[in-house]
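What the coordinates show
Chain by chain, the residues run as shown.
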Amino acid sequence: MTQDNGEMDSLVRKRIRALRVAQGWSLEELAARAKVSQSTLSRIENGQRRLALDQLVTLARALDTSLDQLVETATDDVITSPAIDAAHGLMRWPIKAEPGMSVVRQRMTDPPPDSPSRMRAHPGREWLVVLSGTAVLLLGNRRLRVETNQAAEFPTMLPHAIGAEGGPCEILGIFDRDARRGHQREDKSESGRSGS
């Protein structure tokens, strides 16, 4: 890495120091982990020594991160707007760092289904947080109440369904790639059934 791009150079130096401090390590501790001298590390953090690729790789490993994360500069699109699915009353936000994951905000008014045949199972994991009201999570043979500010995390291979209890509730769900695909397939098959 050359000094040509001063902004990126400065960012990487600040990131090295911030990661070291976040771990609670002194210069001496990180230098020992990275197998560089303490004075070399100090000069790297203070901008008095050129950043060399081999040292960045070593420092990234010592800081338990990757070289890509250490030199990442993408700060565009820090704020994203949701995609609105009006047909299902959903707002979805993609997670840039994990393209396979998505966040969904949903208002629920119906109780969970009373028939086990309406419970779904598919690969993946889901996390949900109840923003307001009380949700009921049917998970296999269990019936769980999830109240405001409580969260649930579960493997979606267990038959599951979610509904509201005692009035509307609002949830924020986080789906990994497999769980999101499972829900997209369910949405398509349900819309196909209702249209016939």
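Just above sits the structure.
Quick look at the structure, then. (Residues numbered from 1 in each chain as written. Predicted model: local features only at pLDDT ≥ 70, side-chain atom pairs only at ≥ 80, totals over all residues. Heavy atoms only, no water.)

Some words on the overall build of the protein
Under the convention used in this document: Here a strand is any run of E in DSSP of at least two residues, a helix any run of H or I of at least four, and the numbering for each starts at the N terminus. Buried means the residue's accessible area, taken with a 1.4 Å probe over protein chains only, is under 20% of the maximum for its type, while exposed means over 50%, and partly exposed covers the values in between. Residue contacts are defined here by distance: any two heavy atoms, one from each residue, within 4.5 Å place the two residues in contact. We get accessible surface area from the Shrake-Rupley algorithm with a probe of 1.4 Å; when it comes to residues, only the shown protein chains can shield them.
Per the secondary structure count, the protein includes six helices and nine strands. By residue count, 32% of the 196 residues in the protein fall in the buried class. Long-range contacts, defined here as pairs at least 24 residues apart, represent 63% of the contacts in the protein between residues at least 6 apart. Accessible area for the protein stands at about 12100 Å²; split by element, carbon and sulfur atoms hold 50% of it.

Considering the environment of Arg118
As for its placement among the helices and strands, Arg118 is situated in the loop between strand E3 (102-108) and strand E4 (125-132). Each C-alpha atom of the pair Arg118 and His160 lies 8.7 Å from the other, and the pair is 42 residues apart in sequence.

A few points about the pairing of strand E7 (residues 151-155)
How we decide: Any two strands with at least two DSSP bridges between them are considered paired.
The alternating pattern of E7 places Ala152 and Phe154 on a buried face, while none of Ala151, Glu153 and Pro155, on the opposite face, is buried. Bridge count for E4 against E7 is five bridges, and the pairing is antiparallel. Across the sheet, residue Leu128 finds its bridge partner in E7, namely Ala152.

Topic: unusual backbone geometry
The phi dihedral of Asp64 is positive, around 60 degrees, even though this residue is not glycine. Its place among the elements puts Asp64 in the loop between helix H4 (53-62) and helix H5 (67-71). Residue Asn149 is not a glycine yet carries a positive backbone phi of 75 degrees. Residue Asn149 is classed as exposed on the basis of its relative accessible area, which comes to 68%.

Focus: the packing of helix H2 (residues 27-34) against H4
In helix packing, the relevant descriptors are the interaxial angle and the interaxial distance, both defined with respect to the helix axes. Put simply, the rule reads: For helices, the fitted line uses only the C-alpha atoms of the stretch in contact; every axis is such a line through C-alpha atoms, and the angle between N-to-C directions lies from 0 to 180 degrees. Oblique is the label for any angle not covered by the other classes, which are roughly parallel (under 35 degrees), roughly antiparallel (over 145) and roughly perpendicular (65 to 115). Each crossing gets its handedness from the near helix: less than a right angle anticlockwise from the far helix is left-handed, clockwise is right-handed. Lys, Arg, Asp and Glu make up the charged group, whereas Ala, Val, Leu, Ile, Met, Phe, Trp, Tyr, Cys and Pro make up the nonpolar group; the residues left over, Gly among them, are polar.
For the pair H2 and H4, interaxial distance at closest approach is 8 Å and the crossing angle is 110 degrees. On the basis of the axis angle, H2 is roughly perpendicular to H4. Between H2 and H4 the crossing geometry is right-handed. Contact residues: H2 offers Leu30, Arg33 and Ala34, while H4 offers Thr58, Leu59 and Ala62. Grouping the amino acids of the contact of H2 with H4 by side-chain chemistry returns four nonpolar, one polar and one charged.

Thoughts on the sheet that holds strand E5 (residues 134-139)
The strand order E6-E5-E8 describes an open sheet built from three strands, whose pairing is antiparallel. On the outer flanks of this sheet lie strand E6 (142-147) and strand E8 (160-164), each paired with one strand and no other. When strand polarity is set aside, the average angle formed by the axes of neighbouring strands in this sheet is 20 degrees. Pairing of E5 with E6, which is carried by six bridges, proceeds in the antiparallel orientation. From the neighbouring strand, Val136 faces E6, where its bridge partner is Arg145.

Looking at helix H1 (residues 6-22)
Our working definition: To estimate how far a helix should reach, multiply one less than its number of residues by 1.5 Å. Here the arc refers to the set of directions running from the helix axis out to each C-beta atom.
A rise of 1.5 Å per residue sets the reference length of H1, with its 17 residues, at 24 Å; its end C-alpha atoms lie 24 Å apart and thus fit the reference within 8%. Every buried residue of H1 is listed here: Asp9, Val12, Arg13, Ile16 and Arg20. Buried residues of H1, seen end-on, are gathered within an arc of 95 degrees and therefore sit on one face of the element. Turned more than 90 degrees off the buried face of H1, the exposed positions are Glu7, Lys14 and Ala22. Summarising the contacts, the buried residues of H1 are in contact with H2, helix H3 (38-46), H4 and H5. Just beyond H1, the residue with positive phi is Gly24, at close to 80 degrees.

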